[in-house]
Structure formats: structure tokens, C-alpha cells
Number of protein chains: 2
Amino acid sequence: MTLSPDTETHTDTPNAASPARGKRPKQGEPVIDRALSLLAVFSDRRRALTLSELARHADMPAPTALRLISRLVAWGALERLDDGRYVVGVRLWEVASLSPRGHGVREIALPYLEDLFEVTRHHVLLAVRDNEQAVLIERLSSKDATEVAYRVGGRAPLRSTAVGLVLLAGADQQFQEAIMAKPPEKEPGVADMPEGQLRRTLSDVRRTGIAMIRRSHPSMTVSVASPVFDAQGSVVAALSIVVPDGSTPPNVLAPAVRAAARAVSRNLGHQATVSADVRTHSRG
Amino acid sequence: MTLSPDTETHTDTPNAASPARGKRPKQGEPVIDRALSLLAVFSDRRRALTLSELARHADMPAPTALRLISRLVAWGALERLDDGRYVVGVRLWEVASLSPRGHGVREIALPYLEDLFEVTRHHVLLAVRDNEQAVLIERLSSKDATEVAYRVGGRAPLRSTAVGLVLLAGADQQFQEAIMAKPPEKEPGVADMPEGQLRRTLSDVRRTGIAMIRRSHPSMTVSVASPVFDAQGSVVAALSIVVPDGSTPPNVLAPAVRAAARAVSRNLGHQATVSADVRTHSRG
DNA sequence: ATGCGGCTTTCAATGGTTGGAATAGTATTG
DNA sequence: CAATACTATTCCAACCATTGAAAGCCGCAT
């Protein structure tokens, strides 16, 4: 990369050399997209970033990044630390807390999650689907609980987690097919199913209202998940419990998880039915 | 508003008529600011908005709003409901969950909040300061708890809430003076203190590590709050409990609240000290 | 039918946006 | 302590994304 710094302006003939490196190649992208791509640079492992890191990862010149970031900071979407690095700001968090599928379901579900948590003292999770993944909305864990793979705000694959299976089973047929057409996301500690088994599993999940996954990676655990329905009968979230493998038999956990999920569904205006595909008639 | 549509270009002399309604008066504001102002339209009472509502509240023409909103939707900052209205999206919530002062402290504090909650069965709150207000980061409440004024993601005044007093007491001197120079935010159900009493109160809070407020509005309650410190010894959050007035004596609650706040502080790397103004010497 | 309101697309004018270059500041190295 | 390498910031002329009136659509109430 050591380019000889000619004292000449020189600029070189900008044609032949590298075709992908014109004079101002990045132009053409809307400003908002660029600003959002800056936000997207932040991740679990990158919570505090310098200007140049942000510029590098978002693939834009430092001056441009600085200008955009300054506006974001002025508004409160980002905050600047004493050492000059940037972090996601409370103001953004505040607006995000108005997300119906984020804090919305959480707010409604929390009391029931707590009940389940207090009774079992194991991890209790709540997740929603966003595109092709599950997003963890809430997790209650005692200080001494077993290690668990996901954090609140993190993403998990649909095919190889209990909440994922529940959400996938509740998605529309077309989406399910699209997912199954793709190669599965590799997930450590979970054996991924062949398509036939997956189809059968999803069908079972719909029928029983329970999904179960055993995994070995961060630790040996069993997850049991159940769907949360909204007033229209759509699956809007998945509630699950994660226990050390061998502690409590899954068939003991299932009723508790399902009861909690139902309680949340009821609070969302869902009319409980005998079985998933039976709708009660008329009702104000 | 019926302006005569002259077939002439005419353009008119844009001075005399309505000075606030030039040809394109809104130009000059950076795009990002406009996009952010769209996000800012959302509030507790406005969680789902139509295009025209957004355009109206953000004070911009519908086509402009549509263009910006479309980009936000494409990224996931907003989501569009079946009825055409827009809500805050999960993707934005996901990024916001990386906010150190938002979910960051929450994540660390949650187990201790839960402990406190389980023991007392009363509201447990966690708040941080953002500019001149406290922002509620977490609230644990049993399903049958007394009514409480604030929701997670909401804002509360510094001068008239227990968490607010703790955060104010922990802010730098200059900021405190600036706040006291301003007229207090009117808060229903709380008698606001004269400046002298406020100064004394803040001093007491710093000394004792406890703030207490009695309020009558949504219901008769007593709040007891205590500061959470980071590794540098700054007050980064306030932890509080809200109980019905007359239930548990505040002096019984104080030790429990303070213990919980200390536990959280310790987890943030704070070295416990005998009194707030004593720092332990040397330490990597 | 007619009017009304909200939503969407179009398009020419233009001013906000852009990023290289230069400067200043800071940490690392010889 | 100078040299080096990196990051952060300011400046500015070229330029293209942005802008919003206008008009077309759609649904709905009159």
C-alpha cells in the first residue's frame, strides 16, 4: 500500500489503473443509508468505536463519517465518550423502546416471564422473528445459571433453536419454504436436521405448541419453547426456558412454558382455542 | 388558503405576503436531521403513525417524508403495518440494545434488581440521566403492584423523583447549578422544594447514599433510591424501589436498596469505599 | 357522481453533500 | 528527541442526491 508521495500533484491518469477506484466512486448512496450503515457497525463485540473504525467498517471517508456522526451525536443517537470513541446513545434506546415487537411484547410478557423464572430458576427467553432470524427480546437469568448462548438484542438461527423453530412454524407457508430452500445456518452444538425431519418437527410444533432442542455447545442444555399469539392468531413471539440437560425432564417443563405463553397470548388479545386451527366463533 | 393558480409562472414577490411561507422554506436542514426528527415523532402515545401524521408532526411535505421513511423501513428502523401505518422496528431496537447506558447497565443490574424485587414484591426501578432528565431503563413490577408514574423508556424530572435526585446529586457541580437556575418542572403529586431545601437534600443524598420522595399523584407512594457508581466513581445510574405509602417504613427499605445498588456498582468495577468522598489508592 | 383526504410518482431546479487535500493532534518507534 | 504512523478535524469547489409542487391514484364518505 506504500504509495510514493510525489510532491507533484500528478493525480495520475485515472483511467487505466484500477477501474474500481475512480475519482469519487462511493457517490450515489442516499445519506440516510450511510448514516444507518454507521449505526449498523455497532455489534456485541463493537460497542465503542473510534471515528476511523466507524469510517472503515462503514466503508466511507473519515470526513464524511465525521459529518454524519456529528449529527447523530447532536441528536443523541450516538454518544461520545471521554476518550473520543462513540457508543450508541440513550436517546436512540429511548425511541427504540417504543418498538411494538421489541419492548412492546416484552412489557406485556415480563410479569409472566418472571413468574416462570421464579418457579424454575432457569433461563427464561422471549424472542421475535426479524427476517430470517430470531431476535432475543428478553432473558431472565439467575446469577448462577448455566451458560447460555444468546444475549438480549442478539440473533439466533430459526432452524436450530427452540424459539426459532416456534417462530418458523408460525410463519407463513411461503416464508417457511424459502427458509428450507436455503442451506441451514451452522450452529455450534446443535445437529441440524434434514429437511424431512424439519418438516415433521414444524408440524409437530404447530400441533403441540411445543418445540424442543438439545444442544451441547456453550453447555449441555435443553430448551423448551412455546408460541405467543396476537389477537389475529398470528405467532408474534416465542417463549422458552433453558435448563441444564438432565436436570428437569422436558415433559415436566412443557406445561409450564405453554401456560406462560398462553397467559401472554391472552394479554395480547388472543382467544384461546382448543387446538391451533380451531377458531371460536363470534365474539365481541 | 385558496391561492389563485395563475397560469403564469409569476412566482410573485416572495416578500410581503406570508413571510413564513416562502417557496421552499424548509431547505437547509441536513437530511439526517430530518430523518431523525421523523423518529422523534414517535412517543408513548404515538406508537403507530400514518405517513401524513408523520409528515405533519415532523413538519415536512408528504413526498419528502415518504422518501425518508422508505429508507428507514428498508433498513429496519421502522416497520410498516398491514394497515399502512409505521412503527419503530426491531432492527432499531436491536442496535439500541447495544447502548452502554441503556441495556448495558440494565444487563449488569438485572439480577440484583430481581433479587430486590422478589424479596419486596414492589416496583424496582433503574434510571440513568440524559441531559436534564432521568430516563427509566428498567422497571420490575408484579402484576398486582400499585400504579406507578413511569414506564421503561420514559422520562422523569430530576428534581422531583427519587432517582432524579440521586442522579442530580451525582452530577458535576456545574450541571447542578444550571439545573437549579431553571424553574423546576412541574410534577403532579409532588411538592417541589425551594432551592435551599434542595441543596440540603442533595448534600444529604451524597452523604447517605439515599434519596427519598413521597408522592400522591398516580397513587400514594414512597420512593427510595440509591446511586450506582462506575469504576471511576461517577454516578451512572440510580436504583430505586417504590412502595405504597404506609406499607413498609422507608428506613427499612433503605438498607436493601443501598445494598442492591452497591452490588451493581461492584459489578461495574467500583471499589466500595467507607464514604463517597474517599477513594481507595492505587489500583490497575 | 362528486368531493375529500391520504398516498404515491414524476421531474426540473438547486443547495446540501461530498471527499481529496491540508493541518493539527497523539501515540509509537528508532 | 526526531521520525514515523496514525487519527481527528477543517476547508472548499464540484456535483449529484435531495427537494417539493404538481398531478395522478385510490378509497371512502356524501
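Residues numbered from 1 in each chain as written. Chains lettered and ligands numbered in written order. Predicted model: local features only at pLDDT ≥ 70, side-chain atom pairs only at ≥ 80, totals over all residues. Heavy atoms only, no water.

Participant: Outline the relation of the copies chain B and chain A, supporting the account with residue identities and numerical values.
Facilitator: Each copy of the sequence occupies a distinct position, and chain B is placed on chain A by a rotation of 180° and an axial shift of 0.0 Å, giving an RMSD of 0.1 Å. The transformation just described matches what one would write down for a two-fold rotation axis. By residue overlap, the copies meet face to face through one surface: 100% of the interface positions of chain B are interface positions in chain A. (Least-squares fit on C-alpha atoms with pLDDT ≥ 70 in both. Contact = heavy atoms within 4.5 Å.)

Participant: Just give me the short version of the packing of helix H5 (residues 100–120) of chain A against helix H9 (residues 250–267) of chain A, but keep the residues and values in it.
Facilitator: Residue and element names in this part refer to chain A. At a closest axis distance of 9 Å, the pairing of H5 and H9 adopts a crossing angle of 160°. Here H5 is positioned roughly antiparallel relative to H9, judged by the angle of their axes. H5 and H9 meet at a crossing whose hand is right-handed. Side by side, H5 and H9 meet where Ile108, Ala109, Tyr112 and Leu116 of the first sit next to Ala256, Val257, Ala260, Ala263, Val264 and Asn267 of the second. Within the contact of H5 with H9, the residues separate by chemical class into 9 nonpolar, 1 polar and no charged. (Axes fitted to C-alpha atoms, helices over the stretch in contact; angles between N-to-C directions. Helix = DSSP H or I, 4+ residues; strand = E, 2+ residues; numbered from the N terminus. Parallel < 35°, antiparallel > 145°, perpendicular 65-115°, else oblique. Left-handed = near helix turned anticlockwise from the far one by under 90°. Nonpolar A, V, L, I, M, F, W, Y, C, P; charged D, E, K, R; others polar.)

Participant: Quick one: what's the story with helix H8 (residues 195–208) of chain A, residue by residue and with numbers?
Facilitator: All names here are of chain A. For H8, built from 14 residues, the straight-helix expectation of 20 Å at 1.5 Å per residue is met to within 8% by its first-to-last C-alpha distance of 20 Å. Along H8, the residues that are buried comprise Leu198, Thr201, Leu202 and Val205. One side of H8 holds all its buried residues, which, seen down the axis, span an arc of 100°. Pointing more than 90 degrees away from the buried face of H8 are the exposed residues Arg200 and Arg207. Those residues of H8 that are buried lie in contact with helix H6 (162–170), helix H7 (173–181) and strand E6 (211–215). Where H8 terminates, the next one or two residues include Gly209, which has phi positive at roughly 75°. (Expected span 1.5 Å × (residues − 1). Buried < 20%, exposed > 50% of the residue type's maximum accessible area, 1.4 Å probe, protein only. Arc of directions from axis to C-beta.)

Participant: Please give an account of the confidence of the model for chain A that cites residues and values.
Facilitator: Residues and elements named next belong to chain A. Per-residue pLDDT for chain A has a mean of 86; in total, 86% of the residues score no lower than 70. Within the model, pLDDT remains below 50 along residues 1–25, and this stretch shows 2 contacts once partners closer than five positions in the same chain are excluded. Across residues 276–284, confidence stays below pLDDT 50; counting only partners more than four residues off in sequence or on other chains, it has 7 contacts. (pLDDT = per-residue confidence, 0-100.)

Participant: Account for the domain arrangement of chain A, naming residues and giving values.
Facilitator: As a measure of interface size, the accessible area lost when the parts come together is often cited. By domain assignment, chain A separates into domain 1 (31–94) and domain 2 (100–267). For domain 1 of chain A and domain 2 of chain A, the distance between their C-alpha centroids amounts to 32 Å. (Domains from an automatic or database assignment.)

Participant: Help me get a handle on the sheet that holds strand E4 (residues 133–140) of chain B, residues and values and all.
Facilitator: All names here are of chain B. Spatially, 6 strands are ordered E5-E4-E3-E8-E7-E6 in an open sheet, and the strand pairing comes out antiparallel. Looking at the sheet topology across the chains shown, the edges are occupied by strand E5 (155–157) and strand E6 (211–215). Strand-to-strand twist across the sheet, computed as the mean angle between neighbouring axes with direction ignored, equals 35°. Sheet analysis places strand E3 (residues 123–130) next to strand E8 (residues 235–244), joined by 5 bridges and oriented antiparallel. Counterpart to Leu126 in the pairing with E8 is Leu239. With respect to the sheet, helix H6 (residues 162–170) is in contact with E3, E4, E5, E6, strand E7 (221–229) and E8, its orientation differing from that of E8 by roughly 155°. (Pairing = 2+ DSSP bridges.)

Participant: Hey, could you go over the packing of aromatic side chains for me, with residue numbers and the actual values?
Facilitator: Applying the stated rule across the entire model yields 0 aromatic pairs over all chains. The cationic tip of Arg91(A) hangs over the ring face of Trp75(A); the distance from NZ or CZ to the ring centre is 4.8 Å. Above the plane of the ring of Phe175(B) lies Arg129(B), whose end atom (NZ or CZ) is 3.9 Å from the centre. (Phe/Tyr/Trp six-rings, centres within 6.5 Å; stacked < 30°, edge-to-face > 60°. Lys NZ or Arg CZ within 6 Å of the ring centre and 35° of its normal.)

Participant: Describe the interface of chain B and chain A, naming the residues involved and giving the relevant values.
Facilitator: Contact with chain B, which involves 58 residues of that partner, is made by 58 residues of chain A. Carbon and sulfur atoms supply 61% of the area buried between chain B and chain A, which totals about 5100 Å² over both sides. When the area that chain B buries against chain A is broken down by residue, the three leading residues are Ile32(B), Trp93(B) and Leu98(B), summing to 15%. Scanning the region where chain B abuts chain A turns up 10 salt bridges. At the junction of chain B with chain A, the criterion picks out 14 residue pairs in polar contact (both at pLDDT 80 or more). Listed by contribution, the elements that provide at least two residues to the side of chain B that touches chain A are helix H1 (31–41), helix H3 (62–75), strand E2 (86–88), helix H4 (90–96), helix H5 (100–120), E3 and E4 of chain B. (Buried area = accessible area lost by both parts, 1.4 Å probe. Salt bridge = Lys/Arg side-chain N within 4 Å of Asp/Glu carboxyl O. Polar contact = N/O pair within 3.5 Å; in protein donor to acceptor, adjacent residues only side chain to side chain.)

Participant: Go over the packing of H1(B) against H3(B) with me, naming the residues and quoting the values.
Facilitator: Residue and element names in this part refer to chain B. Orientation of H1 relative to H3, taken along the N-to-C sense of each, is 80°, at an axis distance of 10 Å. Looking at the two axes, H1 sits roughly perpendicular to H3. Within the contact between the two elements, H1 uses Val31, Arg34, Ala35, Leu38 and Leu39 and H3 uses Thr64, Ala65, Leu68, Ile69 and Leu72.

Participant: I'd like to hear about the sheet that holds strand E8 (residues 235–244) of chain A, residue by residue, with values.
Facilitator: Adjacent strands of a sheet form backbone hydrogen bonds with each other and so pair up, either parallel or antiparallel. Residues and elements named next belong to chain A. Read across the open sheet, the 6 strands follow the order E5-E4-E3-E8-E7-E6; overall the sheet is antiparallel. Strands at the two margins of the open sheet, each flanked by one partner only, are strand E5 (155–157) and E6. Ignoring strand direction, the axes of neighbouring strands in this sheet form an average angle of 35°. Set on the sheet, H9 makes contact with E6, strand E7 (221–229) and E8; between it and E7 the angle comes to about 25°.

Participant: So what's going on with the pairing of strand E3 (residues 123–130) of chain A? Which residues, and what values?
Facilitator: Residue and element names in this part refer to chain A. In terms of burial, E3 is a largely internal element, 7 of the 8 residues being buried. Sheet topology places E3 next to strand E4 (residues 133–140); 7 bridges connect them, and they run antiparallel. Note on E4: the bridge partner recorded for Val128 is Val135. Between the antiparallel neighbours E3 and E4 lie 2 residues, among them Asn131 with a positive phi of about 55°.

Participant: Describe the nonpolar core, listing the residues and the values that go with them.
Facilitator: Most often, soluble globular proteins keep nonpolar side chains buried together rather than apart. Grouped together as the largest cluster of nonpolar side chains are 112 residues, with contacts concentrated most on Leu92(A), Leu239(A), Leu92(B) and Leu239(B). Filtering out sequence-adjacent residues up to four positions away, Leu239(B) remains in contact with Leu113(B), Leu116(B), Leu125(B), Leu126(B), Val224(B), Ala225(B), Ser226(B), Val228(B), Val257(B), Ala260(B), Ala261(B) and Val264(B). Counting 29 residues, the second-largest nonpolar core is a separate cluster that includes Ala127(A), Val148(A), Leu158(A) and Ala225(A). (Core = buried A, V, L, I, M, F, W, Y, C linked by side-chain atoms within 4.5 Å.)

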